[in-house]
Amino acid sequence: GRVEGDHAAIAIRDITNARPREVELLMLGPLTNLALALKLDPTLPSRVKGVTVMGGCESARGNASRAAEFNFHADPEAAHIVFEAFTPQAGEAPRVTIVPWELCVAQGVPWTFFDSMCPPENDTPKGKFFKDVNRGMEKMLRVKRYDATPEINLGRDINLGDDNNLGQEIN
């Protein structure tokens, strides 16, 4: 069904109610909306097939602070709520997959491909949109040239107390 006009948290709740255990959530930003959906309906995890989160950083070298990746740093309480709600029970396989910052950078598209998706090579509304939504990331990555490593370590919690490392994924 249509979800336009609904708050994302309400849409997540309604879609998972309509299709229990069929929906896999792909979270590409801060986890605020999923955390709100969990507060609205604490039974939500029982209806979600799985969650993939782009967030955290393996090496404790963040892009939002010295130690934290932006999505966890922007709303560490939300990340904490999500990880708590989706903690597997004894014998249950994990249903949260974390794709850390370094892996996203290491597996990025070549700049030639990126450029082919943007104006002037792709002077379409979609090309302009792609360029606009990636402007900040392009500026940061083309200038700083992050040295990323693809190792993955699935942390289970988020630092909520230390301002220097707020949002850092911790084991």
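Since the structure is predicted, the reported quantities are computational estimates derived from the model, not experimental observations.

Pulling in residues and values, what's your account of the overall build of the protein chain?
Per the secondary structure count, the protein chain includes eight helices and five strands. Pairs at least 24 residues apart make up 67% of the contacts formed inside the protein chain by residues separated by at least 6 positions. Working note: accessible area of the protein chain is about 10100 Å², and carbon and sulfur atoms make up 55% of it.

Before we move on, could you go through the pairing of strand β1 (residues 23–27) and cite the residues and values that matter?
Residues of β1 alternate between two faces, with V23, L25 and M27 buried on one and E24 and L26 left unburied on the opposite face. Two strands pair when backbone bridges link them, and β1 and strand β2 (residues 48–54) are joined in this way by five bridges, in the parallel orientation. Bridging across to β2, M27 finds its partner in V53. Note on the crossover from β1 through helix α2 (residues 32–40) to β2: the handedness is right-handed.

Could you give an account of the sheet that holds strand β3 (residues 96–99), naming the residues involved and the relevant values?
Ordered in space as β1-β2-β3, the three strands form an open sheet in which the pairing is parallel. Each of the sheet's edge strands pairs with one partner strand only, and the pair in question is β1 and β3. Direction aside, the axes of adjacent strands within the sheet are offset by 15° on average.

Quick one: what's the story with the pattern of salt bridges, residue by residue and with numbers?
This structure, assessed with the given rule, holds six salt bridges. One salt bridge connects R47 with D41, and the closest N-O pair in it is separated by 2.8 Å. Assigned by exposure class, R47 and D41 land together as buried. For the salt bridge of R135 with D132, the shortest nitrogen-to-oxygen distance reads 2.3 Å. Relative accessible area serves as the criterion here: at 48%, R135 is assigned to the partly exposed category.

Run through the nonpolar core, naming residues and quoting values.
Taken as a class, soluble globular proteins show a tendency for nonpolar side chains to be buried jointly. Of all hydrophobic cores here, the largest spans 22 residues; its most connected members are L25, L31, L34, V51 and F86. Listed by contribution, the elements that provide at least two residues to this core are α1 (8–18), β1, α2, β2, α4 (76–85) and β3.

Definitions and limits used
Residues numbered from 1 in each chain as written. Predicted model: local features only at pLDDT ≥ 70, side-chain atom pairs only at ≥ 80, totals over all residues. Heavy atoms only, no water. Helix = DSSP H or I, 4+ residues; strand = E, 2+ residues; numbered from the N terminus. Contact = heavy atoms within 4.5 Å. Areas by Shrake-Rupley, 256 points an atom, 1.4 Å probe, with all protein chains shown as cover. Buried < 20%, exposed > 50% of the residue type's maximum accessible area, 1.4 Å probe, protein only. Pairing = 2+ DSSP bridges. Right-handed = clockwise from strand over helix to strand, strands pointing away. Axes fitted to C-alpha atoms, helices over the stretch in contact; angles between N-to-C directions. Salt bridge = Lys/Arg side-chain N within 4 Å of Asp/Glu carboxyl O. Core = buried A, V, L, I, M, F, W, Y, C linked by side-chain atoms within 4.5 Å.

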